[in-house]
Amino acid sequence: MTRAAIPGLPSRYPIGELLPALYADDDLAQRFTAGLDTVLAPVLSTLDNLPAYVDPALAPADFLPWLASWVGVEADPAWPVELRRAVVARAVELHRWRGTRRGLVERLRLCCGVHAEVRDGGGATWSAEPGAALPPPPTGELLVRVWPVRADGGLDAVDAHRVLEVATASCPVHLTCRVEVLPGPPEAPDAPEQTGG
């Protein structure tokens, strides 16, 4: 990220106009300060627009990695600029939910454009009744089932490799991660029949 002299960029605060009257008509002083104006104009322009530089929606694209470092997020440079802006803008919110199902589902929706269902196979097992057999041990696998967001009735392609990268980055180290790509939302288990009376 560099900010350099921009040819023809005028200074909003020309130094020559700020000189005492004695130097106002001095050609050498005016040319000297005009050279300084050329060098300082990008700096002053940056300072005048500083709020835009810290707004992910407005910051220059080459400034986004620095902004991302402020909020502790890694935005892949291969991602489109709009996606990187969205990830930086929502970073603090996503950090709040890191390590949870909700956090992973939201990150997958944002980064991969998919709906997701997460089945956590980690954890501990126990029995609620003394002397009863223990339930089966946890699988040790985080199963992430994703399906495309249907925008205009059509199917969007799901990049399974990218989904796996995002899910693995959010997966606890003691679990393995597996991704299943579904054509649509998983079918809900059959609900018990309701009887009217």
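From a predicted model like this one, the values you see are computed outputs, not experimental measurements.

Undergrad: I'm lost on the overall build of the protein in this one. Help?
TA: Of regular secondary structure, the protein possesses eight helices and three strands. Order of helices (α) and strands (β) in the protein, N terminus to C terminus: α-α-α-α-α-α-α-β-β-α-β. Every one of the 197 residues in the protein was classed for burial, and the buried ones make up 25%. Counting only contacts in the protein whose residues sit at least 6 apart along the sequence, the fraction spanning at least 24 positions is 55%. Here the protein displays about 13,400 Å² of accessible surface, and carbon together with sulfur accounts for 59% of that area.

Undergrad: Is there a simple way to explain a nonpolar patch on the surface in this structure?
TA: There is a patch of nonpolar side chains on the surface, built from Phe32, Leu36, Val39, Leu40, Val43, Leu47 and Leu50 and spanning about 640 Å² of accessible area. The element that contributes the greatest number of residues to the nonpolar patch is helix H2 (residues 27–48), accounting for six residues. Structurally, Leu36 is set in helix H2. Classification of Leu36 by relative accessible area gives partly exposed; the value is 36%.

Undergrad: Even after reading the chapter, I still don't get the environment of Thr33, so can you show me in this structure?
TA: Within the secondary structure, Thr33 sits in helix H2. With a relative accessible area of 6%, Thr33 lands in the buried category. If near-sequence neighbours (up to four positions away) are discounted, Thr33 is found in contact with Ile15, Gly16 and Leu19.

Rules used in this analysis
- Residues numbered from 1 in each chain as written.
- Predicted model: local features only at pLDDT ≥ 70, side-chain atom pairs only at ≥ 80, totals over all residues.
- Heavy atoms only, no water.
- Helix = DSSP H or I, 4+ residues; strand = E, 2+ residues; numbered from the N terminus.
- Buried < 20%, exposed > 50% of the residue type's maximum accessible area, 1.4 Å probe, protein only.
- Contact = heavy atoms within 4.5 Å.
- Areas by Shrake-Rupley, 256 points an atom, 1.4 Å probe, with all protein chains shown as cover.
- Patch = residues over 30% accessible without salt bridge, like charges linked within 9 Å, V, L, I, M, F, W, Y side chains within 5 Å.
- Salt bridge = Lys/Arg side-chain N within 4 Å of Asp/Glu carboxyl O.

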